[in-house]
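# Descriptive structure summary
Read off the chains here:
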Amino acid sequence: VDTVENFWNKQCSACLLLTAAEVDKSGTSYYGEQMLFYLNTRGDSSRVTFSKSGNIHSVAWCPNGQEFFAVYGTMPSKATLFNHKCEPVAEFGTGARNTVLINPVGNLALIGGFGNIPGRFEIWDIAGRKHLADTECSDTTHLSWSPCGQYLLTSTCSPRLRVNNGYKIWHYTAVLQHEKFVAEKTELFAASWIPDSEAAKPFPISRSPVKGIELSVAMASKKKYIPPSQRGIVGLVGIPGTQVSTEKKFLSEIDDPTKKAGSAPSKASQKNKKKKEAKKKAADAEKVDNWRVNPEPSNIIQSNLTGDELAASLAGVELTGNPEKDRKIKTLKKILHAVAKLKSEQANGKVLDQAQVDKIAREGQLLKDLEELTS
């Protein structure tokens, strides 16, 4: 390994070693390889195994010195509580998180994401394995539990960030209690609690939020970004307060907001609709007329084969091996199969329309073309 970090428990009876190597020998990670080892003063040692691959983002001991937390894995990362035998005891969900802090009393855990992750933390009841509260705390560079274990101090310090320098105090129910920003053109370099070893006394965990204050800095909007072409247009056509919801691609395709839902169409729109329907009907009729071409006298050569006999004769037609000829042969066989079907239907008494009769009339010419291609 290239680097090693040491994390001793409060009793100094065991230590966690977080190691890092710049090169991952397995080749699975571009960022190298991290491992976590457990050692105690009795001479026991073992490597901690994780259920998800990826970096080890944060580790923290519980005050009892017998359990520890680890946040690990690719995002969304996992948070797991391990015992002194390095066995997983409980899971504390997944999410965009890279930090875990245990309060001095040992009954609450802060699991959050900071740094290159949008500032946010969650508070968990360790014994009850339950999520208590969560909140956003943007621009946080440092955070710590109070000596009594009921409050959190988050601060924005220079030189990491030179804007919004100041600190906030939160209750463990994620309610803001105090907020202080330094004066303009002044930088805050550090903020920390005054130590008090006797303040860490057990307290009952409340799930009801306490009273607090509002943030003075506006939070970023949580609304999903919608491109202008997908948005509802407000005040369109000079009508204030009108809003149109559309999922069309272009602004030019947005429906007229002056039209009320369920209102009857105007006379002009009805007239235009009739014109369009008539025009479409005429175009369809023209297509049918173009398709119903009257066969020439030389093409009216019907065979004496029945529909079943014609279909059976087509089964013996073989391909030539010439791609161009074979393509034409397949087309002719397909048309002749349709003719055979029509002849069978006509023999059973079905009345055919003129287009179907014309298709049967082309049978002789189609057979002749097929014979020329296969000879």
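We now turn to the structure provided with this report. These numbers come from a predicted model, not from an experiment.

## Thoughts on the overall build of the chain
Per the secondary structure count, the chain includes 5 helices and 18 strands. Counting all 375 residues of the chain, 32% fall into the buried class. Contacts in the chain between residues at least 24 apart in sequence constitute 41% of all its contacts with a sequence separation of at least 6. Element-wise, carbon and sulfur atoms account for 53% of the exposed surface of the chain, whose accessible area totals about 24,300 Å².

## With respect to the sheet that holds strand β10 (residues 108-113)
Consider a sheet: its strands pair through backbone hydrogen bonds, and that pairing is either parallel or antiparallel. Pairing in this open sheet of 4 strands is antiparallel, and the strands run β9-β10-β11-β12 from one edge to the other. Of all strands in the sheet, those bounded by a partner on one side alone are β9 (99-102) and β12 (130-136). Neighbouring strand axes in the sheet, compared pairwise and without regard to direction, differ in orientation by 20° on average. In terms of strand pairing, β9 meets β10 through 4 bridges, oriented antiparallel.

## Looking at the pattern of salt bridges
One side chain can pair with another of opposite charge once the charged atoms of both are near each other. Counting across every chain of the model gives 10 salt bridges. Lys343 is the partner of Glu363 in a salt bridge, and the nearest nitrogen-oxygen pair spans 3.0 Å. Remark: Lys343 occurs in helix α3 (residues 323-347) and Glu363 occurs in helix α5 (residues 363-374); sequence separation between them is 20 residues. We classify Glu363 as buried; its relative accessible area is 0%. Across the pair Glu345 and Lys350 runs a salt bridge, and its minimum N-O distance is 3.5 Å. Judged by relative accessible area, Glu345 falls into the partly exposed class, the value being 22%. Assessed through its relative accessible area of 44%, Lys350 is described here as partly exposed.

## So, the sheet that holds strand β3 (residues 33-40)
Within the open sheet, the 4 strands sit side by side as β1-β2-β3-β4. Their pairing is antiparallel. Because the sheet does not close on itself, it has two edges, and the strands there are β1 (3-8) and β4 (45-47). With strand direction ignored, the average angle separating the axes of adjacent strands in the sheet is 20°. Across 6 bridges, the pairing between β1 and strand β2 (residues 14-21) is antiparallel. Bridge pairing in β2 places Glu5 opposite Leu18.

What counts and how
- Residues numbered from 1 in each chain as written.
- Predicted model: local features only at pLDDT ≥ 70, side-chain atom pairs only at ≥ 80, totals over all residues.
- Heavy atoms only, no water.
- Helix = DSSP H or I, 4+ residues; strand = E, 2+ residues; numbered from the N terminus.
- Buried < 20%, exposed > 50% of the residue type's maximum accessible area, 1.4 Å probe, protein only.
- Contact = heavy atoms within 4.5 Å.
- Areas by Shrake-Rupley, 256 points an atom, 1.4 Å probe, with all protein chains shown as cover.
- Pairing = 2+ DSSP bridges.
- Axes fitted to C-alpha atoms, helices over the stretch in contact; angles between N-to-C directions.
- Salt bridge = Lys/Arg side-chain N within 4 Å of Asp/Glu carboxyl O.

Purely spatial values, then, with no claim about function.
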